[in-house]
Amino acid sequence: MAATPTVHPGEPPAVDGELVARLVAGRFPAWAGLPVRAVRSAGTDNTMFRLGDDLVVRLPRAAHAAGHVEKEQRWLPLLAPHLPLDVPVPVGRAAAGPDFPWPWSVYRWLDGDDAYDAPLTDLAHAAVALGRFGAALRAVDAHDGPASFRGGHVTSWEQGQLPRVIRDFAAEGLIDAGLATASWEAVLRLPQWEGPPVWVHGDLLPGNLLGRDGRLGAVIDFGGVGTGDPACDTMPAWTLFTADTRPLFREAARVDDATWARGRGWALAWGLVTEHYYRETNPVLAAVARRTRTEALAEYAAAVTP
């Protein structure tokens, strides 16, 4: 059974199906002997293995992702009844042990192909469905919810990297430095979220969206779920949707002009920083990031052109 490649410094030794089978047998004897198959994914925080026909094992790939296990186990059952798309159902949790250094989870298997590997063909349906998903998530009582790692100002995520990334890409002839800088400076001038924190998924990338027959059917990976500014959950407008379907998403998501503009700032920052970081180690994710920053810059340029 092939092991998953590493993408993070300090990642534990490669996880393969034999290790997962031993972990499952030791923690969940009732599932011992079920076939274990690696699930291909461009995700960077977790490794997944299908367990039999109905289950999936999800193991963190880095220390920062280990904390997501408890969060998902606690909050997913409370959020799921309010959401209009299928989401993961946790059915088992295992503590860290001698064979694996962090806690891990077992979920019900959700049928579908992620939108990295099998792009959605009905983007109009996806735009409306995902916009309504975000609106429904924001409507859930956020009292006592944890802060999302993307729930604050975008600068708290990019941590001052963006000017350097712009310089690097401009030197390689990959972007227009003047346009990128002007777009980023416009983001920094935007009014910030003044409402109470609301629930956000925090990571609505194509790899976390499952399609069935070309139509969006489920949202997975709630490791970034938490409360904060809903702007980060508008990023699919630029990671996934087109100029024709973007307005459908915005209308269904019910966000104001300032939130939309901050979301475009997230798309610009995430796209540039992520492409720069992963272009050698994760070309699939880097390609999504390139598309995201390209769409965000094009929309900004159109907005400021007389």
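On a predicted model such as this, the values are computed, not experimentally measured, just so you know.

> Mind laying out the nonpolar core, listing which residues take part and the relevant values?
Leu-130 and Phe-133 are the most contacted members of the largest nonpolar core, which totals 65 residues. Per-element tally for this core: the top contributor is helix α9 (residues 257-278), with nine residues. With sequence-adjacent residues up to four places away left out, Leu-130 is seen in contact with Leu-204, Leu-209, Leu-216, Val-219, Pro-236, Phe-241 and Phe-249. Listed in part, the 18 residues of the second largest apolar core include Phe-28, Phe-49, Ala-94 and Phe-100.

> Report on the environment of His-143, specifying residues and quantitative values.
Within the fold, His-143 resides in the loop between α3 (123-139) and α4 (154-158). Residue classification places His-143 among the exposed residues on the basis of a relative accessible area of 58%. Considered as a pair, His-143 and Trp-157 are 14 residues apart in the sequence and their alpha carbons are 23 Å apart.

> I'd love a proper account of the pairing of strand β9 (residues 215-219), names of residues and values included.
Judged by how many residues are buried, β9 sits mostly within the fold: four of five residues are covered. In this antiparallel pair of consecutive strands, strand β8 (residues 209-212) and β9, the connection spans two residues, and Asp-213 shows a positive phi of 55°.

> Explain the sheet that holds strand β6 (residues 113-114) residue by residue, including any values.
Spatial strand order, β6-β8-β9: three strands in an open sheet with antiparallel pairing. Because the sheet does not close on itself, it has two edges, and the strands there are β6 and β9. Sheet topology places β6 next to β8; two bridges connect them, and they run antiparallel. Bridge pairing in β8 places Asp-114 opposite Leu-210. Taken strand by strand, α3 contacts β8 and β9, and its axis lies near 25° from that of β9.

The rules behind these values
- Residues numbered from 1 in each chain as written.
- Predicted model: local features only at pLDDT ≥ 70, side-chain atom pairs only at ≥ 80, totals over all residues.
- Heavy atoms only, no water.
- Core = buried A, V, L, I, M, F, W, Y, C linked by side-chain atoms within 4.5 Å.
- Buried < 20%, exposed > 50% of the residue type's maximum accessible area, 1.4 Å probe, protein only.
- Helix = DSSP H or I, 4+ residues; strand = E, 2+ residues; numbered from the N terminus.
- Contact = heavy atoms within 4.5 Å.
- Pairing = 2+ DSSP bridges.
- Axes fitted to C-alpha atoms, helices over the stretch in contact; angles between N-to-C directions.

From the geometry alone we can't say anything about function, so treat these as descriptive.
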